Amino acid sequence: MPAAGKRVATIGFGAMARSLRASLAADEAMPAIGAALVPPGKVAAAPAGPDDVAFFPEVDALLAWRPELVVECASHQAVATVLPTVLRRGVDCVIVSIGALGDAAVRAEIEESARAGGARAVIASGAIGGLDVLRAAAAAGLDHVVYTGRKPPHAWLGSPAGERFDLAALRSETIIFEGDARAAAALYPKNANVTAAVALAGIGFERTRVTLVADPAIGRNIHELEAAGAFGSFRIRLENAPLPDNPKTSWLAALSIVQAIRSHFSSIR
């Protein structure tokens, strides 16, 4: 079934949502973003935005618009506080801020809300590949899963790395974080959501090892995933261009949302 004409809304209308809107507009078979939930103080600025997007300050008002799919493009807080209401009202959602699911209580609330509303919460794959292989391999047992994320120093501005290091002065690659996926998702929510996707597909947040690196020698975001288990082993490396309006996010992460929407409305998945 063609997706054009379907009612799709976003939670948030920042760089990610705007990039998504532009990507969907380039494909006539895809739906347009018709509405967005934004903080009350920003609704007044709506006339300066796209004239074909309706802006709502409250989730009830957004749901009254009757979206068929809601795409979260906002924050961990939005996943925890807004999505349960949307799911309980029977509306399917795509989750972009995957790191929020590192909180077991939030994950349980999302699952219960989806069941209660007969809705589905779909996790966008984000900037990493190989998650289908990882999910399949997990069925036979995994010994270890390791994710390494490398980004230019400026991409870590605004994160805890900016407090620990003089990012502008780095002249060689520097490890800014080592630990498990739960800590990575909590400390670097705008940079390391991909670690949550890896953890959910594989062996969980506590057992997934994460290393984050600031590297002044690179101009792209590099993601490396290694896994080994009963199935054998694999290693993948992706070099992703950053989202033009937000260097903290890989462009592929935005494109993965497009694919999630396409899959949602497709008769064959």
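Residues numbered from 1 in each chain as written. Predicted model: local features only at pLDDT ≥ 70, side-chain atom pairs only at ≥ 80, totals over all residues. Heavy atoms only, no water.

Caption draft 1: Local environment of the nonpolar core. Judged by nonpolar contacts, the single largest core of 57 residues is most densely connected at Leu134 and Leu212. Sequence-distant contacts of leucine 134, that is, excluding residues within four places in its chain, are made with Leu142, Val145, Val198, Ala201, Gly202, Leu225, Ala227 and Phe234. One finds Val8, Ala15, Ala17 and Ala254 within the second-largest nonpolar core, a separate group that totals 28 residues. (Core = buried A, V, L, I, M, F, W, Y, C linked by side-chain atoms within 4.5 Å. Buried < 20%, exposed > 50% of the residue type's maximum accessible area, 1.4 Å probe, protein only. Contact = heavy atoms within 4.5 Å.)

Caption draft 2: Geometry of the packing of helix α7 (residues 131-138) against helix α10 (residues 193-201). At a minimum axis separation of 8 Å, α7 and α10 run at an interaxial angle of 30°. Between α7 and α10, the crossing angle belongs to the class labelled roughly parallel. Residues Leu131, Leu134, Arg135 and Ala138 of α7 touch α10, and the partners they reach there are Ala197, Val198 and Ala201. By residue class, the composition of the contact of α7 with α10 is six nonpolar, no polar and one charged. (Axes fitted to C-alpha atoms, helices over the stretch in contact; angles between N-to-C directions. Helix = DSSP H or I, 4+ residues; strand = E, 2+ residues; numbered from the N terminus. Parallel < 35°, antiparallel > 145°, perpendicular 65-115°, else oblique. Nonpolar A, V, L, I, M, F, W, Y, C, P; charged D, E, K, R; others polar.)

Caption draft 3: Just the sheet that holds strand β6 (residues 121-123), in detail. Within the open sheet, the six strands sit side by side as β3-β2-β1-β4-β5-β6. Their pairing is parallel. If you trace the sheet from one side to the other, it starts and ends with β3 (54-56) and β6, each paired once. Strand-to-strand twist of the sheet, defined as the mean angle between neighbouring strand axes without regard to direction, takes the value 25°. With four bridges joining them, strand β4 (residues 69-72) and strand β5 (residues 92-95) adopt parallel strand pairing. If you follow leucine 69 over to β5, its bridge partner there is aspartate 92. (Pairing = 2+ DSSP bridges.)

Caption draft 4: Seen up close, the UniProt feature "active site" (unreviewed entry) in the protein. With numbering matched to this structure, UniProt assigns "active site" (unreviewed entry) to His223. Note on placement: histidine 223 falls in strand β10 (residues 221-229). The buried category is assigned to histidine 223, whose relative accessible area is 1%. Look past the residues within four positions of histidine 223 in its chain and what remains in contact with it is Ala127, Ile128, Tyr147, Thr148, Lys151, Val194, Ile236, Arg237, Leu238, Asn240 and Ser250. Among the polar contacts listed, one links the side chain of histidine 223 to the side chain of tyrosine 147, at a separation of 2.6 Å. (UniProt positions renumbered as here; feature names shortened; annotations may be inferred. Polar contact = N/O pair within 3.5 Å; in protein donor to acceptor, adjacent residues only side chain to side chain.)

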